[in-house]
Amino acid sequence: MTLKQQIATEAAPAAIGPYSQAVQVGELIFYSGQIPLVPESGIMVQGGVAEQTRQVMANMRAVLQASGLDYADVVKTTIYLIDMGDFAVVNGIYGECFTGIPPARACVQVAGLPKGAAIEIDWIAVTS
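Residues numbered from 1 in each chain as written. Predicted model: local features only at pLDDT ≥ 70, side-chain atom pairs only at ≥ 80, totals over all residues. Heavy atoms only, no water.

Trainee: What is the right way to look at the overall build of the protein in this model?
Mentor: If you tally the helices and strands in the protein, you get two helices and six strands. The order of α-helices and β-strands along the protein, N terminus first, is β-β-β-α-β-α-β-β. What you see for the protein is a C-alpha radius of gyration of 14 Å, in line with the 14 Å of a compact globule of 128 residues. The principal-axis extent of the C-alpha atoms belonging to the protein is close to 45 × 30 × 25 Å. (Helix = DSSP H or I, 4+ residues; strand = E, 2+ residues; numbered from the N terminus. Rg over C-alpha atoms; globule rule 2.2 N^0.38 Å.)

So this is what it looks like as structure tokens:
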């Protein structure tokens, strides 16, 4: 008997490697990082960090909905930025999505992200 279940949706970008969009173990769901790819085309959204952040948050919502959850169920996020100077813009858009008790969070600057993205977010949610 397996304790983990894979979660996948076509409403978010398909995995671009050997990983799952999300995996549920008990009441916890672990979500792979989302970058600003448009699900229908697999192409990076046009625009700067604001547009990229909005696309990441839309992708995040799509995978959450495939799990039967929403932003309110997220308990931990990690934001990866290629430029910490983008933090204020990202934080503002992120804050629009988490209007209740915000999740615990880390934010780090990285040397690079897949496909040249400016932002990636991964997260953990709880089902009850």
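What follows picks up the thread again.
Trainee: What is the right way to look at the state of the cysteines in this model?
Mentor: A disulfide bridge is the covalent bond that connects two cysteines by way of their sulfur atoms. Scanning all chains against the criterion turns up zero disulfides. In this model Cys97 remains outside any disulfide bridge; the closest cysteine sulfur is found in Cys107, 15 Å from its own. (Disulfide = S-S within 2.5 Å.)

Trainee: Even after reading the chapter, I still don't get the environment of Gly26, so can you show me in this structure?
Mentor: On the secondary structure map, Gly26 appears in the loop between β2 (22–25) and β3 (28–34). In the structure, Gly26 is positioned 88 residues away from Pro114 in sequence and 30 Å away in space, judged by C-alpha atoms. Every residue in contact with Gly26, bar those within four places of it in the chain, is listed here: Leu3 and Thr127. (Contact = heavy atoms within 4.5 Å.)

Trainee: It is not clear to me how the nonpolar core should be interpreted in this structure. Could you clarify?
Mentor: A general feature of soluble globular proteins is that nonpolar side chains tend to end up buried together. One finds Tyr31, Met57, Met60, Leu64, Ile121 and Trp123 to be the most contacted residues of the largest nonpolar core, which totals 26 residues. Of all the elements, helix α1 (residues 49–66) adds the most residues to this core, at seven residues. Not counting chain neighbours up to four residues away, the residues in contact with Ile121 comprise Ser32, Gly33, Gln34, Val56, Met57, Met60, Thr77, Thr78, Ile79 and Tyr94. Of all hydrophobic cores here, the second largest spans five residues; its members include Ile35, Leu37, Leu113 and Ala117. (Core = buried A, V, L, I, M, F, W, Y, C linked by side-chain atoms within 4.5 Å. Buried < 20%, exposed > 50% of the residue type's maximum accessible area, 1.4 Å probe, protein only.)

Trainee: So what exactly am I meant to see when it comes to the packing of α1 against helix α2 (residues 87–97) here?
Mentor: Put simply, α1 and α2 touch, their axes get as near as 9 Å, and they point 30° apart. Regarding the angle of α1 to α2, the classification is roughly parallel. Pair α1 / α2 crosses with right-handed handedness. Taken together, the residues of α2 that come into contact with α1 (itself represented by Val49, Ala50, Thr53, Arg54 and Met57) are Val89, Val90, Ile93, Tyr94, Glu96 and Cys97. Residues belonging to the contact of α1 with α2 are distributed by class as follows: eight nonpolar, one polar and two charged. (Axes fitted to C-alpha atoms, helices over the stretch in contact; angles between N-to-C directions. Parallel < 35°, antiparallel > 145°, perpendicular 65-115°, else oblique. Left-handed = near helix turned anticlockwise from the far one by under 90°. Nonpolar A, V, L, I, M, F, W, Y, C, P; charged D, E, K, R; others polar.)

Trainee: When you look at the sheet that holds strand β5 (residues 104–109) in this model, what are you seeing that I'm missing?
Mentor: Picture the strands of a sheet paired through backbone hydrogen bonds; they go either parallel or antiparallel. Reading across the sheet, the six strands line up as β1-β2-β3-β6-β4-β5 and stay open at both edges, with mixed pairing between neighbours. Two strands close off the open sheet at either side, each with one partner strand: β1 (4–7) and β5. Taking the axes of each pair of neighbouring strands and ignoring which way they run, one obtains an average angle of 15° across the sheet. Both β2 and β3 contribute to a ladder of four bridges, which runs antiparallel. Within the sheet, the bridge partner assigned to Gln24 lies in β3 and is Ile29. This element, α1, spans β1, β2, β3, β4 (74–81) and β6 (119–126) of the sheet and lies at about 25° to β6. (Pairing = 2+ DSSP bridges.)

Remember, this is a structural readout, not a statement about activity or role.
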